[in-house]
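What follows is each chain in one-letter form.
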Amino acid sequence: MKSISKPLTDVTRGRIVTAWANALGVPPDDIRQDEWVFVERADLTAVVVVRVDGVGLVAAPAKILDQLRDVSREVLLDADALASMLPDADPIGSADLLFAERSPRSSPSSVIAARPLDLATMRAGASAAEWDESGIEETERQWVALDPAGDPAAVAGFSRWRSELAQMGVLAAPQYRGAGLGYAAAAAATDAALGAGLIAQWRSRQGNQASRGLAQRLGYTQLGVQAAVALNG
C-alpha cells in the first residue's frame, strides 16, 4: 500500500505547535516561525529538543542551556551527536514526528477492542525492546487485529497527550509483519483518537523504516523531529 500522507491544515499545525510548546514550558508569545526558543527547566534531568512546523524548542536545566545556544541545529536534533558533546550524558534517541487529522482507509481485517489476555499474548510474543519501542504499555485504549484463527496478531492504541494530541502505539507479531494486520489495528486506534477530537501523533525512531512506512500508509504526515538526551550528572 502506497503512502497517502496529506498536508495538514493550518489550524491543525497550530494546535500541534501549541501542544509541544505547552509540554516544554514555552510561553505562547515566545513562539516564532523559523526561530528557536531556549527554555530553562530546572526540573528536567534531560535535554529535550523539538523542531515542529518550523519552530525550534529546546528545554534543559540552566547549567546545560547556555552550552546549547551556539550548537548547530543539526547537532541539536541528533541525540547521539548531542550526547557526545555534553558531560555525563546518554542519548535517549531521535524520532520523526508524524501527525494525522483524517481517518485512514478502513481495513477488511477483523479488529476488536483489546482484552487483557490479548495484551498479555502480544507482550509475550515480543522482545522487551520491541514492546518498549511500541509504546503500547503507555496507551490508555487499545485495539487488536485478529488472525484467521481469531488470535491477536497486532495491537495498537493511544493516550491523550497535552489535551490536543493522541500519542499512538502499535505492535505486530513477528510472523504477521507486512500482512496488513498492524495497519488494521493502527487504523482503528487512529480513527478512535480522531473521533475523540484529538490529533493523532506518531513517533517513529529515526531509522525504523517499517514504523515510518506504516504511518505514511495510514495517512500520517511528518511535521517535526524530536531528540532527547539523559543527563546523568
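Preceding this paragraph is the structure being described.
Because the structure is a prediction, the values reported are computed rather than measured. Each chain has its residues counted from 1, following the order in which its sequence is written. Where totals are concerned, whole chains, interfaces and linings use all residues; where local detail is concerned, this predicted model gives features only for residues with pLDDT of at least 70, and gives and counts side-chain atom pairs only at 80 or more. The side-chain numbers reported here are obtained from all heavy atoms of the structure, hydrogens and water having been left aside.

Chemist: An account of the side chain of Asp147 is needed here, citing residue identities and associated values.
Modeler: Only DSSP runs of H or I covering at least 4 residues are called helices, and only runs of E covering at least 2 are called strands; the numbering of each starts at the N terminus. With respect to the secondary-structure elements, Asp147 resides in the loop between strand E6 (141–146) and strand E7 (152–161). Nearest to the buried, unbridged Asp147 among oppositely charged side chains is Arg115, at 9.4 Å. Engagement of the side chain of Asp147 in a polar contact is seen with the side chain of Tyr176, the distance being 3.0 Å. Every residue pair with non-hydrogen atoms within 4.5 Å of one another is taken to be in contact. Those residues within four positions of Asp147 in sequence are excluded, and the remaining contacts are Ala153 and Tyr176. The cut-offs for exposure are 20% and 50% of the maximum accessible area for each residue type, with area from a 1.4 Å probe on protein chains only; residues under the lower value are buried, those over the upper are exposed, and the others partly exposed. Under the convention used here, Asp and Glu are negative, Lys and Arg are positive, and both His and the chain ends fall outside the count. Salt bridges, as used here, are contacts in which a Lys or Arg side-chain nitrogen is within 4 Å of a carboxyl oxygen on Asp or Glu. Residues adjacent in sequence count toward polar contacts only when both atoms are side-chain atoms; beyond that, a polar contact is any pair of N or O atoms within 3.5 Å, and within protein one must be able to donate a hydrogen and the other to accept it.

Chemist: Outline the environment of Arg115, supporting the account with residue identities and numerical values.
Modeler: Considering the arrangement of structural elements, one finds Arg115 in the loop between strand E5 (111–113) and helix H5 (116–124). By relative accessible area, which is 42% here, Arg115 ends up partly exposed. As a C-alpha pair, Arg115 and Pro174 span 59 residues in sequence and 20 Å in three-dimensional space.

Chemist: Just give me the short version of the environment of Gly93, but keep the residues and values in it.
Modeler: Note that Gly93 resides in strand E4 (residues 89–100). The class for Gly93 is partly exposed, based on a relative accessible area of 29%. C-alpha of Gly93 to C-alpha of Gln226: the two residues are 133 residues apart in sequence and 8.3 Å apart in space. Setting aside anything within four residues of it in sequence, one finds Gly93 in contact with Ala79, Gln226, Ala227 and Ala228.

Chemist: Tell me about the packing of aromatic side chains, and name the residues and values.
Modeler: Here is the rule: rings of Phe, Tyr and Trp (six-membered ring for Trp) pair when centre to centre is within 6.5 Å. Planes less than 30 degrees apart are stacked, more than 60 are edge-to-face, and the remainder are tilted. Under the definition given, this model contains three aromatic pairs. Arranged with centres 4.7 Å apart and planes meeting at 55°, the rings of Trp20 and Trp161 form a pair that is tilted. One end of the pair, Trp20, is in helix H1 (residues 10–24); the other, Trp161, is in strand E7, with 141 residues separating them in the sequence. Of the residues examined, Trp161 reaches a relative accessible area of 22% and is grouped as partly exposed. Summarising the aromatic geometry, the rings of Trp143 and Phe158 are spaced 6.1 Å apart at their centres and angled 10° between planes, so their arrangement reads as stacked. Separated by 15 residues along the polypeptide, Trp143 in strand E6 and Phe158 in strand E7 bring together distant segments of the chain. By relative accessible area, Trp143 is classed as buried at 13%. When its relative accessible area of 4% is taken as the criterion, Phe158 is described as buried. Here, over-ring charges are defined by two tests on the NZ atom of lysine or the CZ atom of arginine: distance to the ring centre within 6 Å, and angle to the ring normal within 35 degrees. Directly above the aromatic system of Trp161 lies the positively charged group of Arg162, at a separation of 6.0 Å from the ring centroid. In this structure, Arg203 is placed above the aromatic ring of Trp161, and the distance from its NZ or CZ to the ring centre is 5.6 Å.

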